[in-house]
Structures are given as structure tokens and as C-alpha cells.
Amino acid sequence: MELVTGATGYVGGRLLERLLREGRPVRAMARDPAAVQADVEVVRGDVVSGEGLDAALDGTASAYYLVHSMEAPAAGPNGGASFGARDRRAARNFAAAASRAGVERVVYLGGMAPAPGTTLSPHLRSRLEVERILLDASPKSIALRASIVIGARSDSFRILVRLVERLRLLPFPAWRRHRTQPIDERDAIEYLARAPLVPEAAGRSLDIAGPDVLSYGDMIRRIADLMGVGRAPLGLRLSQTPAASAVVSAVAGYPLELVRPLMQSLETDLLPRDDDAKRLFRIRPRSFDRAVEWALREWERAEPLAAR
Ligand SMILES: NC(=O)c1ccc[n+]([C@@H]2O[C@H](COP(=O)([O-])OP(=O)(O)OC[C@H]3O[C@@H](n4cnc5c(N)ncnc54)[C@H](OP(=O)(O)O)[C@@H]3O)[C@@H](O)[C@H]2O)c1
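Per chain, residues are indexed from 1 in the order of the written sequence. Local features in this predicted model are restricted to residues of pLDDT 70 or higher, and side-chain atom pairs are both shown and tallied only at a pLDDT of 80 or more, whereas totals for entire chains, interfaces and linings draw on every residue. Neither water nor hydrogens contribute to the side-chain values; these are computed over all heavy atoms in the structure.

**What about the nonpolar core?**
Moving on, step 1. Here, nonpolar core refers to any group of buried Ala, Val, Leu, Ile, Met, Phe, Trp, Tyr and Cys residues whose side-chain atoms link them within 4.5 Å. Only protein chains enter the area calculation, which uses a 1.4 Å probe; residues under 20% of their type maximum are buried, those over 50% are exposed, and those in between are partly exposed. Core analysis: the biggest nonpolar cluster contains 39 residues, and F157 and I223 have the highest contact counts within it.
Moving on, step 2. Numbering of helices and strands starts at the N terminus; helices are DSSP runs of H or I of at least 4 residues and strands are runs of E of at least 2. Of all the elements in the fold, those that place two or more residues in this core are α5 (155-166), α7 (216-226), α8 (241-252), α9 (256-264) and α11 (288-302).
Moving on, step 3. Apart from residues lying up to four places away in sequence, I223 is in contact with F157, L160, V161, V164, F288 and V292.
Moving on, step 4. Counting residues in hydrophobic clusters, the runner-up holds 35 residues, among them L15, V40, A195 and A277. We call two residues in contact whenever any of their non-hydrogen atoms come within 4.5 Å of each other.

**Section: α9**
Moving on, step 1. Within α9 the residues assigned to the buried category are L258, V259, P261 and M263.
Moving on, step 2. For α9, the elements touching its buried residues are α3 (83-100), α4 (122-137), α5 and α8.

**Examining the site of the ligand**
Moving on, step 1. A single heavy atom is enough: if one lies within 4 Å of a molecule or strand, its residue is considered near that molecule or strand. In the vicinity of the ligand, 21 residues are found, and the nearest of them are T8, R31, L109, R127 and S156.
Moving on, step 2. Pairing of N or O atoms within 3.5 Å defines a polar contact, subject to two protein rules: one partner must be a possible hydrogen donor and the other a possible acceptor, and residues neighboring in sequence count only if both atoms are side-chain atoms. Within the side chain of R31, an N or O atom sits 2.8 Å from an oxygen atom of the ligand.
Moving on, step 3. In this structure, S156 approaches the ligand through a side-chain N or O atom, which is 2.7 Å from an oxygen atom.
Moving on, step 4. For the ligand, whose unbound accessible area comes to 900 Å², protein coverage reaches 85%.
Moving on, step 5. Polar here means any residue other than Ala, Val, Leu, Ile, Met, Phe, Trp, Tyr, Cys and Pro, which are nonpolar, and Asp, Glu, Lys and Arg, which are charged; Gly is therefore polar. Here the residues of the shell around the ligand are counted per class, giving nine nonpolar, nine polar and three charged. Every accessible area reported is derived by Shrake-Rupley at a probe size of 1.4 Å, with residue values counting cover from the shown protein chains alone.

**Comments concerning the environment of A38**
Moving on, step 1. With respect to the helices and strands, the residue A38 is situated in the loop between β2 (26-30) and β3 (41-44).
Moving on, step 2. The exposure class assigned to A38 is partly exposed, which follows from its relative accessible area of 28%.
Moving on, step 3. Put simply, A38 and G110 are 72 residues apart on the chain and 24 Å apart in space, counted from C-alpha to C-alpha.
Moving on, step 4. Dropping the residues within four chain positions of it, A38 is found in contact with L16 and L20.

The structure is reproduced here in C-alpha cells:
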């Protein structure tokens, strides 16, 4: 049996569909079981409070940890804590419950880290801290690190598309020149689905990435191009992340609690350490353009894109 946490979220939801399609025995965990859109056993569980974790993990060999706390702080115990404190507590609760239940491995998707010696954003520091807690608790666990996942339901991709759609000049500060290697959702899900089946991945932290090295400016230009929008973006000269985050949050229609940590993480290059994951998993990742075209097509099947 495999457990998928974050089953109401983007990555967890997609992975759940994939594992069910493969016929793998799966259980989902969610704070609100009614919100899980799949025909699957769901256990109510909350990683921050720890409620429901023992029941959710009972009898599972692998548990996918696909949760983050970048949301407006809720009322109640720990509700007022920063996302870093909530995520630390959540990972410790989950790691302890997984050890109690004898789970063989936790599979985690976190964020790609900048080169050693570079200052970490609070978001990336927190993602790495979660990775460490989970790997330390179960030695066969696997941590995958990705930068932007390109998919119709991925918040980080949707924010970029909304900006292209709604603005003539895009508020990206000087670090729009920083580079990363976004990954196609189909490849990210493939890595996650195969992770428990690749013995060489046990105990490792592996970077997963697409083949194209792009600056954030290049990404915006490629997305605008593929959307058929003839605008020259990136002209607004906001040099500070807080100001840019506020504009992006208002224009894209996403909460500042999500946008600010994501934008702070763009202040350095985020490039893979090596291609070990590609080699071990024998995956040939799709190009950025293929990923964007596919994501936009899926998006338009659900709702029109004004700029197209
Ligand atoms: N999307 C990307 O581009 C991307 C890139 C790199 C890495 N990742 C990583 O992938 C993982 C999943 O991200 P995502 O994009 O799928 O995020 P998402 O769509 O925002 O989903 C987050 C999930 O976490 C759940 N959650 C939040 N707090 C919880 C709690 N206290 N107890 C139980 N569940 C809780 C949410 O459930 P509710 O429905 O109850 O809120 C939701 O299902 C994260 O670790 C993220 O760092 C994502």
C-alpha cells in the first residue's frame, strides 16, 4: 500500500491519478477528504496537528509527502506560526508517525537549492529542512528537488501565465536574469511514480529538471510567444522583491503568502547539481516548449485564456 498526502493539491492529485491508473494499491490523506477528486480510500489527516497520521500510514510501505504550508495562517494552535515553523512541525510529525508505522520510505518533492554558499530564501531553506527531517527519519527515503513544474494546475506556472495574460509590462526585478531548468509535469510525475521502484534512489536527494536552461525573463518571453501574445514584457523597473511580489499577487490573483516566498526564491540561479536522477530513472525529460504547449492546451480545455 502507498499513501499520497497532499491529495487535494496539484502534485498529489496528479500522482494519485497516475498510481490509480497503474493499478497500484493507494490510499490518500487530506484535511478535507470530500475534496479529494478520485475514487480512492481517503483518511482524514493533518500533518501540522498530527491528527490522523497513524491511521493514514498504517500498513503502508511507501508514503508520498507532497504538502507545504504556504497559505494564510489559520486560527487555532500553530495557526499564527510562519510557514517555516509549520512545515518543520509537520515534517517532524510525519517522520515520527512513519517510523512508528514501519514505513519503508517516504518520497518527497521539494525545491531545487541554489549553489552552496548562496543565501537561501526562507522558502527554499524550509523545503531543505523538510528534506533533511524526512531523510534522517527513514534511511531509504527519497527526496526529489524541482524548480518550476510546468502544468495547467501548477501555481508557479499559472502565476507566470496570468502575468503574461494581464500585463503589458511585467514587474520582474533584475534577477529576471537568473536561470533555472523547469520540468514538464509529466516528467515530474514519472519520477515520483517510479521513485519507490528504483533501488539506487533509496536514501538519496536527487535534482529533477527539464533539458532547457532558461532565465525567468526567457521563460516569460517563451510563454508569451507560445500564447501568441505580441508583447515585450519585463519593462517595469521594480528592484525590490516585496514590491514586485505585491504587484504580482494583485495581478495574478494569488495570495501574497504564496507569491512572496516563491518570488524570494528566484533571487539566485536554481540549477541541478548533476544528472544522476535522469541516469538512474532513465527518463528523457521533455523540452520547455513542449511542456508549456501541453499545459496551455489542458488549461484551455478547462477555461479560456483571455490573451490567446
Ligand atoms: N508546483 C510546483 O511548481 C512545485 C515545484 C517544485 C516543488 N514542488 C513541491 O511539491 C509539493 C506539492 O506542491 P503543490 O504544488 O502540489 O502544492 P499545492 O497544490 O498547494 O498542494 C499543497 C497540498 O498540501 C496540503 N496541505 C497543506 N497543509 C496541510 C496540512 N496541515 N495537513 C495535510 N495536508 C496539508 C494541501 O491540502 P488542502 O487542500 O487541505 O489545503 C494540498 O493538498 C511541495 O512540497 C512543493 O514544494 C512543487
